[in-house]
Amino acid sequence: MVDALIPLGLGLPFIGAAVVGLGSLWVPSLRPQRLLLGGIATGIVALSFLIFLLSFIRYEEPIYIRGWNWIAIDSLRLPLDFRIDTLSLWMALIVTGIGALIHLYSIGYMAGEDGAWRYFAFLNLFIFTMLVLVLADSLPLLFLGWEGVGVCSYFLIGYWFGEEANAQAAQKAFIMNRIGDLGLLAGLIWLYVETGTFSIARLRDAIYPADVAVGAGLLLFLAATGKSAQIPLYTWLPDAMAGPTPVSALIHAATMVTAGVYLIARMDFLYTAAPEVLSLVAGIGVATAWIGGLVATRQYDIKKVLAYSTVSQLGFMFAAAGAGAYTAAIFHVFTHAFFKALLFLGSGSVIHATGTQDIREMGGLRSFMPITGITFWIATLAIAGIPPLAGFFSKDEILAALYARGTMGELSYYLYWAALIGVAFLTAFYMGRLTWLTFEGSYRGKAQPHESPLGMTLPLGVLAVGSVGVGLVGLPPLFGTSWLRERWLVQHVKDFSLPSLSHGTEIGLMLLSVGAGALGLALAWLYFGKKGLSADEELSAKLGGFHRLLNDQLRVDSLYERAFVQPYYILADLAKDIWTTWTGRTLPQIMVGLPTWLGTLLNRLQVGYLPTYVLYLAAASLLLLLWSFWA
Amino acid sequence: MKVELLYAVLTLSAGLFSLGLLGLLLRRNLLLAFLSIELMLNAANLNFLAFSRYHNEPTGAIFVLFGICLAAMEAVIGLGLVVRIFRIHQNLGYTHLSALRW
């Protein structure tokens, strides 16, 4: 019964996208019906969420849904099969649950927008493709979902395509992702060539040489760095903030960008078999977490701060996956989805109220918009890792996993652990700065801020409750057992077996990470809580060139511009020259000249006297005959 | 079929082919040239048949059927051309037909 509902849960968002999108395309009078279209889109995602919730409650064992073959040539089959197990069901719940809330929020946020029909159609399509991604059993199907979310992301970043910068940002996101996608495609083809199967479930038991695990693991990780905004492909994510804020919340914070983490957790067997790659994953994750955290401290655009915060938090997830603690990574995906979606929706509410994204023109907003202010504070405390909020549990599990990996004698993991403690401090610091400058002190802007309507504050409230409470699904060993790890995900995600830590060590680690968070918040309060924006200006002046470097986002874009884009243009110019002079002029001359010259030689043979031709024929026959004797 | 008989038939076929080729080279009459070509074709057919019988294999015989079919079609087109050429030039010599020369 429940099994039969799952295709419906998967298909509903697609139907929603078709109804809202194609319906509005054919019947233009539908387009201004924002409430109706938004209502359909929201209801459909909520229904899909309920179906997945029901199958979660009734879950017994993995469910396979056999699709048709996309391609069937000889022995090559590209099956489109789905598999619903604990991990994919968990991701589906996050996608549809958070997705439904953000759909609801969008109805209020998109008020006064002519293109809301487009927006809701793509948002529904995004939910569908994301579900395809997480529920796929065969890698080609996963790839389809992977590309699908990329396309939806492209359309939604470029929602206001009238401004060139937005269209550019959309293209940038798409192209950066393509680099990673190539890795996914190459990786899955390599795995198929080695094992003869595309099915993830069968790959788990397949036998392949260790260097294939390393190679394919690296390629899939390249894909993950693209989609999940890690070094070196992270630069698209901050620019992706050009889209509407709920899109940033859903796609570029809570769900799509976690696809890379999901991919690694899904292919856990591959990475466990390749410890060198795991170490690289952890290293990249830690480095990205640092860069994201550092840049976030010196941004003035509220969404840019949150974007770099997302980059940094994704780094945390990759560090966890790199320690082999895939469940810890998924746990952080889960908690992060709540508080980061809440932060983005809160920032959307603020942008809606003030009409600006610059935090220098905000301040004291909590008195104007108490619900947004309080929920934003809750999310700040959660991301800073203050117990007992959700972020504390997942961050603590990640740090404990890295430390435990260190005790196994892999000393680099101690370094990663120490570095992430630093990022935990940075996280609390930049979030404290953002929240104090935005919501406390006195108002510095000119607009008349007001609280957002109920349709927008309701999702804020639900997400705030989640940000407080959802950490309880993953209690650390000190307080009991982690239900998420030990009861649920363990069925289909096999962590690298890490040594358990003594209670004393565990308490020590916890105190350190909470201490780092508390210190960051305290420092932020000392600077920005007490003195407001003037303290920030003092800090900028004190940092000087370093401030400008961070404010310019480390100038990675101009580095890439010089390292890749300019050489590409030079190459393109060269190709153009070759085309115009060689291909366009010289080659045709040769192509015409050579046959003409050959022709003048051969047309002497055409004498116009038929008996001569017969002689040719006879001579040729004789030659053939001689050749057949000789050969 | 014995191998001696095969040799005999092959020799006959080679003789027919040579006759055809000589006819084509020496005669200057379109109709006779045409007949010579037919002679060569049938020499080839005979060759096919001889090997078909010798190897006890039907492929060669089937090939000959195609060959006859081809010869019939060639005759239709060829004779049509001969008639046209005769109507235009009022003789059957072909040495003067050089309008398509470069």
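Residues numbered from 1 in each chain as written. Chains lettered and ligands numbered in written order. Predicted model: local features only at pLDDT ≥ 70, side-chain atom pairs only at ≥ 80, totals over all residues.

Caption draft 1: Representation of the overall build of chain A within the structure. A count of helical and extended segments in chain A gives 26 helices and 4 strands. Along the longest, intermediate and shortest principal axes, the C-alpha atoms of chain A span 110 × 55 × 55 Å. For chain A, the proportion of its 631 residues judged to be buried stands at 49%. Long-range contacts, defined here as pairs at least 24 residues apart, represent 81% of the contacts in chain A between residues at least 6 apart. (Helix = DSSP H or I, 4+ residues; strand = E, 2+ residues; numbered from the N terminus. Buried ≥ 20, exposed ≤ 12 C-beta atoms within 10 Å, placed from the backbone. Contact = placed C-beta atoms within 7 Å.)

Caption draft 2: The overall build of chain B, seen in detail. Looking only at helices and strands, chain B has 3 helices and 0 strands in total. In chain B, the order of α-helices and β-strands from amino to carboxyl end is α-α-α. Taking 102 residues into account, the globule formula puts the C-alpha radius of gyration at 13 Å, and chain B, at 17 Å, lies well above it. By its C-alpha atoms, chain B is 50 × 25 × 25 Å across when sized along the principal axes. A buried classification covers 11% of the 102 residues belonging to chain B. For chain B, the proportion of contacts with a sequence separation of at least 24, taken over those separated by at least 6, is 52%. (Rg over C-alpha atoms; globule rule 2.2 N^0.38 Å.)

Caption draft 3: The arrangement of the domain arrangement of chain A in detail. On domain assignment, one finds that chain A holds domain 1 (275–551) and domain 2 (559–630). If you average the C-alpha positions of domain 1 of chain A and of domain 2 of chain A, the two centres end up 66 Å apart. (Domains from an automatic or database assignment.)

Caption draft 4: Up close: helix 25 (residues 556–602) of chain A. The largest bend in helix 25 of chain A comes to about 40°, at A:Arg562. The element helix 25 of chain A is barely covered by neighbouring structure, given that only 0 of its 47 residues are classed as buried. (Bend = angle between axes of the 7 residues up to and from the residue.)

Caption draft 5: Here's a closer look at the pairing of strand 3 (residues 76–79) of chain A. Residue and element names in this part refer to chain A. Sheet topology places strand 2 (residues 69–73) next to strand 3; 4 bridges connect them, and they run antiparallel. Residue pairing across strands places Asn69 opposite Pro79, the latter belonging to strand 3. Between the antiparallel neighbours strand 2 and strand 3 lie 2 residues, among them Asp74 with a positive phi of about 55°. (Pairing = 2+ DSSP bridges.)

Caption draft 6: Quick peek at the nonpolar core. Ranked by size, the top nonpolar core spans 202 residues in total, and within it A:Ala319, A:Ala320, A:Ala329, A:Ala341, A:Leu402 and A:Leu420 carry the most contacts. Among the nonpolar cores identified, the runner-up in size contains 7 residues, and B:Leu24, B:Ala33, B:Phe34 and B:Ile37 belong to it. (Core = buried A, V, L, I, M, F, W, Y, C linked by C-beta atoms within 7 Å.)

Caption draft 7: Layout of the confidence of the model for chain B. Here chain B averages 89 in pLDDT, and 99% of its residues register 70 or above. Scored as a complex, the prediction yields pTM 0.80 and ipTM 0.72. (pLDDT = per-residue confidence, 0-100.)

Caption draft 8: Inspection of the packing of helix 2 (residues 30–55) of chain B against helix 3 (residues 58–89) of chain B at higher detail. Residue and element names in this part refer to chain B. One can describe the packing of helix 2 onto helix 3 by two numbers: an axis separation of 9 Å at closest approach and a directional angle of 175°. With respect to helix 3, the element helix 2 is oriented roughly antiparallel. Each of Leu30, Leu31, Phe34, Glu38, Leu41, Ala44, Asn45, Phe48, Leu49, Phe51 and Ser52 in helix 2 lies in contact with helix 3, whose residues at this interface are Pro58, Thr59, Gly60, Ala61, Phe63, Val64, Gly67, Ile68, Ala71, Gly78, Val82 and Ile85. Across the contact of helix 2 with helix 3, the residue classes tally to 16 nonpolar, 6 polar and 1 charged. (Axes fitted to C-alpha atoms, helices over the stretch in contact; angles between N-to-C directions. Parallel < 35°, antiparallel > 145°, perpendicular 65-115°, else oblique. Nonpolar A, V, L, I, M, F, W, Y, C, P; charged D, E, K, R; others polar.)

Caption draft 9: Structural view of helix 14 (residues 302–322) of chain A. All names here are of chain A. The terminal C-alpha atoms of helix 14 lie 30 Å apart, and with 21 residues this matches the ideal 30 Å at 1.5 Å per residue to within 8%. Of all 21 residues in helix 14, 21 are buried; the element is thus mostly enclosed. Gly324 sits one or two positions beyond helix 14 and adopts a positive phi of about 85°. (Expected span 1.5 Å × (residues − 1).)

Caption draft 10: Representation of the packing of helix 3 (residues 86–109) of chain A against helix 15 (residues 326–354) of chain A. Residues and elements named next belong to chain A. Packing of helix 3 against helix 15 leaves a shortest axis separation of 11 Å and a crossing angle of 5°. Taken together, the axis directions place helix 3 and helix 15 in an arrangement best described as roughly parallel. Of the residues in helix 15, those in contact with Leu87, Trp90, Ile94, Ile98, Ile102, Tyr105 and Tyr109 of helix 3 are Ile330, Phe334, Ala337, Ala341, Leu345, Gly348 and His352.

Caption draft 11: Up close: unusual backbone geometry. Residues and elements named next belong to chain A. The omega angle of the peptide bond from Ile231 to Pro232 is 5°, so this bond is cis rather than trans. Within the secondary structure, Pro232 sits in the loop between helix 8 (210–227) and helix 9 (236–239). Each neighbour pair has its own omega, and for Pro387 with Pro388 the value is 0°, a cis peptide bond. Of note, Pro388 is situated in the loop between helix 17 (370–383) and helix 18 (390–407). Its identity is not glycine, yet Ala229 carries a phi of approximately 55°, on the positive side. With respect to the helices, strands and loops of the structure, Ala229 is situated in the loop between helix 8 and helix 9. The residue Gln553 is not glycine, and still its phi comes out positive at about 60°. Within the secondary structure, Gln553 is located in the loop between helix 24 (545–551) and helix 25.

Caption draft 12: Fine view of the environment of A:Ala424. In this structure, A:Ala424 sits in helix 19 (residues 412–439). With residues near it in sequence (within four places) discarded, A:Ala424 still touches A:Gly385, A:Lys395, A:Ser513, A:Ala516 and A:Gly517.

Caption draft 13: How the structure looks around the environment of A:Ala329. Mapped onto the fold, A:Ala329 is located in helix 15. Excluding residues within four positions of it along the chain, A:Ala329 makes contact with A:Val261, A:Ala265, A:Met317, A:Ala320 and A:Ala321.

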